[in-house]
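Coordinate inspection notes
The residues making up each chain are set out below.
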Amino acid sequence: MSLFQRLFSGKTHRIFKWLATDMHSHLLPGIDDGSPDMPTTMEYLTQLQEIGYQKVITTPHVMRELYPNKAADIKALAAKVNEEAVAAGLTIKLEASAEYMLDDGFDTLLENDQLIPIANRYILIEMSYVAPTLNYENTIFKIQAQGFIPILAHPERYNYLSMSDFERIKSLGCLLQVNLLSLTGYYGKHTQAIGQQLIQQKHASFLGSDMHHNRHLEAIKEISSSGKLVRLIENTEWQNSKL
Ligand SMILES: [Fe+2]
């Protein structure tokens, strides 16, 4: 075991304790490309608690084609996970929302009041990594017209968006959520640079793990070993702990 592993394995990491709440992850069992089953979900929650998080708002994908998850099913599954977590003696709080793909099914969900907002007010949205959703600005307005605040998940991962696009999206009232993994270079150098830039320029409001599996968690922990990254994160006013 390396010195780094000895120092950090199984111990609270200051940065996650400080962030307190994670608001983007795929921890509900068997519902998307995240945790495959209940024992794995329990293992992930145990580890997230161990590193310092006090609350996770987990956000399974809702995509019309791939993962047509319904609000009632997400809530029922989250209740089941919570039961198991309490039985296992975990103290970490779990709430469920969703990560909504802006596809042709999203408008129907929005119009029929079938979304699960984060903290009763935020809707976490994503787009394809290949091309933007047509008229996404219009969708941002529609979300606001229903009384919600949109949050764009991992803007730094959309290579087709520029810094001026991010500024425009923010000016429309859509908040931005950067992935912790982007900051470590997990998705490549370009995404890393944009993620850091979004934070430095005070454009990002939320930090999320976007955890799907154990390799993600191991990579996220590496943030603790970078004083530069810890300082960058700690010098920013995040909305996470207010959720
Ligand atoms: Fe995600």
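Refer to the structure above for everything that follows.
This section reports on the structure supplied with the text. (Residues numbered from 1 in each chain as written. Predicted model: local features only at pLDDT ≥ 70, side-chain atom pairs only at ≥ 80, totals over all residues. Heavy atoms only, no water.)

**Re the environment of Leu176**
- Within the fold, Leu176 resides in strand 8 (residues 175-179).
- Leu176 gets classed as buried once you look at its relative accessible area, which sits at 1%.
- Separated by 51 residues in sequence, Leu176 and Ile125 place their C-alpha atoms 9.9 Å apart.
- Discounting residues that sit within four places of it in the chain, Leu176 has contacts with Ile151, Leu152, Pro155, Phe166, Ile169, Lys170, Leu198, His203, Ala204, Ser205 and Phe206. (Helix = DSSP H or I, 4+ residues; strand = E, 2+ residues; numbered from the N terminus. Buried < 20%, exposed > 50% of the residue type's maximum accessible area, 1.4 Å probe, protein only. Contact = heavy atoms within 4.5 Å.)

**Details of the nonpolar core**
- Of all hydrophobic cores here, the largest spans 68 residues; its most connected members are Leu28, Leu45, Leu48, Phe106 and Leu180.
- One finds Met23, Ile118, Tyr122 and Ile151 within the second-largest nonpolar core, a separate group that totals 9 residues. (Core = buried A, V, L, I, M, F, W, Y, C linked by side-chain atoms within 4.5 Å.)

**Concerning the coordination of the iron ion**
- His24 (NE2), His26 (NE2), Glu99 (OE) and Asp210 (OD) make up the full set of protein donors to the iron ion, lying at 2.1 to 2.2 Å.
- The coordination sphere of the iron ion comprises 4 donor atoms, whose angles at the metal cover 84 to 172°; the geometry is irregular.
- Counting along the primary sequence, the residues that act as donors to the iron ion give the motif H-x1-H-x72-E-x110-D. Taken as a pair, His24 and His26 share a single burial class, namely buried. (Donors = N, O, S within 2.8 Å, 3.2 Å for Na, K, Ca; no water. Tetrahedral: all angles 85-135°; square planar, octahedral: opposite > 155°, others 65-115°.)

**Details of the packing of aromatic side chains**
- This model, assessed by the stated rule, comprises 6 aromatic pairs.
- Here Tyr186 and Tyr187 contribute two aromatic rings whose centre-to-centre distance is 5.4 Å and whose plane-to-plane angle is 80°, an arrangement assigned as edge-to-face.
- Its relative accessible area of 35% is what places Tyr186 among the partly exposed residues.
- A connected cluster of aromatic rings, assembled from ring pairs, spans Tyr129, Tyr158 and Tyr160.
- Above the plane of the ring of Tyr187 lies Arg157, whose end atom (NZ or CZ) is 3.7 Å from the centre. (Phe/Tyr/Trp six-rings, centres within 6.5 Å; stacked < 30°, edge-to-face > 60°. Lys NZ or Arg CZ within 6 Å of the ring centre and 35° of its normal.)

**Points about the pattern of salt bridges**
- One pass over the full model with this rule turns up 7 salt bridges.
- A salt bridge links Lys221 to Glu218; its shortest N-O distance comes to 3.3 Å. On the criterion of helical spacing, the pair formed by Lys221 and Glu218 is a turn pair, its members being 3 residues apart in helix 10 (residues 214-221).
- Taking relative accessible area as the criterion, Lys221 reaches 13% and is therefore assigned buried.
- By relative accessible area, Glu218 is classed as partly exposed at 38%. (Salt bridge = Lys/Arg side-chain N within 4 Å of Asp/Glu carboxyl O.)

**Topic: the environment of Ile199**
- Here Ile199 shows up in helix 9 (residues 189-200).
- We classify Ile199 as buried; its relative accessible area is 1%.
- Setting aside chain neighbours within four positions, we find Ile199 in contact with Val178, Leu183, Ala204, Leu232, Thr236 and Trp238.

**Considering unusual backbone geometry**
- For Ala20, which is not glycine, the phi torsion reads 70° and is therefore positive.
- Checked against the element boundaries, Ala20 lands in the loop between helix 2 (14-19) and strand 1 (21-22).
- Ala20 sits in the buried class, given a relative accessible area of 11%.
- For His154, which is not glycine, the phi dihedral falls at a positive 30°.
- Among the residues examined, His154 registers a relative accessible area of 1% and is labelled buried.

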